[in-house]
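# Survey of secondary and tertiary structure
Each chain, letter by letter, is given below.
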Amino acid sequence: MKRTVMILLAAAWCLSLQAQDRTAALKQLLEGSRVSFTYALTTTDNLPIRTDGTALIDGACYRISGNGLDIYCDGSTKWTVDTEAREVYLETSDGTREFLADPAAWLGQVHNLTVGERAVSGVFVDPAQGTEISFRFTSITGTSLSGSTEGFSFDVSSLGKDWIITDLR
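About the thresholds
- Along each chain, residue indices are assigned from 1 in the same order as the chain's sequence is written.
- At least 70 in pLDDT is required for a residue's local features to be given in this predicted model, at least 80 for side-chain atom pairs to be given and counted, and no such filter applies to totals for whole chains, interfaces and linings, which use all residues.
- Neither water nor hydrogens contribute to the side-chain values; these are computed over all heavy atoms in the structure.
- The pairing criterion for strands is at least two bridges between them, as found by DSSP.
- Helix and strand labels come from DSSP, where a helix needs a run of H or I of at least four residues and a strand needs a run of E of at least two; each type is numbered from the N terminus.
- Note on geometry: axes are C-alpha line fits, over the in-contact stretch for helices, and angles between N-to-C directions span 0 to 180 degrees.
- Each pair of aromatic rings taken from Phe, Tyr and Trp, with Trp reduced to its six-membered ring, is defined by centres within 6.5 Å and is described as stacked if the planes are under 30 degrees apart, edge-to-face if over 60, and tilted in the remaining cases.

Right, let's get into the sheet that holds strand β10 (residues 164-167). Sheet architecture is open: 10 strands sit in the order β7-β8-β9-β1-β2-β3-β4-β5-β6-β10, paired in mixed fashion. The strands lining the two open edges of the sheet, one partner per strand, are β7 (110-115) and β10. Taken over all neighbouring pairs, the strand axes of this sheet differ in orientation by 15° on average, direction set aside. Of the pairings in the sheet, the one linking strand β5 (residues 77-82) to strand β6 (residues 87-92) comprises 6 bridges and is antiparallel in character. By the bridge assignment for β6, D82 is matched with E87.

Laid out in structure tokens, this is it:
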């Protein structure tokens with residue numbers, strides 16, 4: 001009986017170390033690589049809201065697309081584009097980034113984290129609103145940082161007069 005308990009404790013300890021290793025590897029990948037993934041988010045409120053899309057992060061630059069919105073950030077300016085409403089919002093990027101644009105910075109506010117080889121899931125607690133958001137990132141790939149801002153900006157000069165452009169910078 002004691003031997004069985006010892007084996008179970010040793011197995012649990014090994015699994016815990018593996019989870020820590022995977023979490024550390026995930027953080028290293030997210031912080032030091034050009035990373036792309038698909039995502040699904042669901043709020044756990046009384047009225048659940050689901051959104052899904054894709055994200056590409058390259059250092060301070062990112063591009064997030066989902067549910068009709070495209071967000072571009074070149075590290076200094078952030079464009080939020082709603083093609084259906086024909087609206088664009090421009091903001092100064094102050095370096096503070098939301099969860100999808102910098103998941104590694106928010107890992108301390110995630111519980112029930114499960115890290116697989118190319119997938120991650122858990123529950124993120126949004127500090128601004130106190131909302132819990134279940135998330136799943138899949139098809140995670142990482143390459144070397146490009147150091148380029150190409151593809152992370154949006155050209156508003158090519159838009160027609162029927163577009164509303166709000167510059168909040």
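Let us keep going from here.
What follows deals with the packing of aromatic side chains. Any aromatic ring pair is given by two values, namely how distant the centres are and how the planes are angled relative to each other. Taken as a whole and assessed by the stated rule, the structure comprises 7 aromatic pairs. Judged by centre distance (5.5 Å) and plane angle (40°), the rings of Y72 and F154 are tilted. Placement of the pair is Y72 in strand β4 (residues 69-73) and F154 in the loop between β9 (132-143) and β10, with a sequence separation of 82 residues. Geometrically, the ring pair formed by F99 and F124 is stacked, given 4.3 Å between the ring centres and 10° between the ring planes. Separated by 25 residues along the polypeptide, F99 in the loop between β6 and β7 and F124 in strand β8 (residues 120-125) bring together distant segments of the chain.

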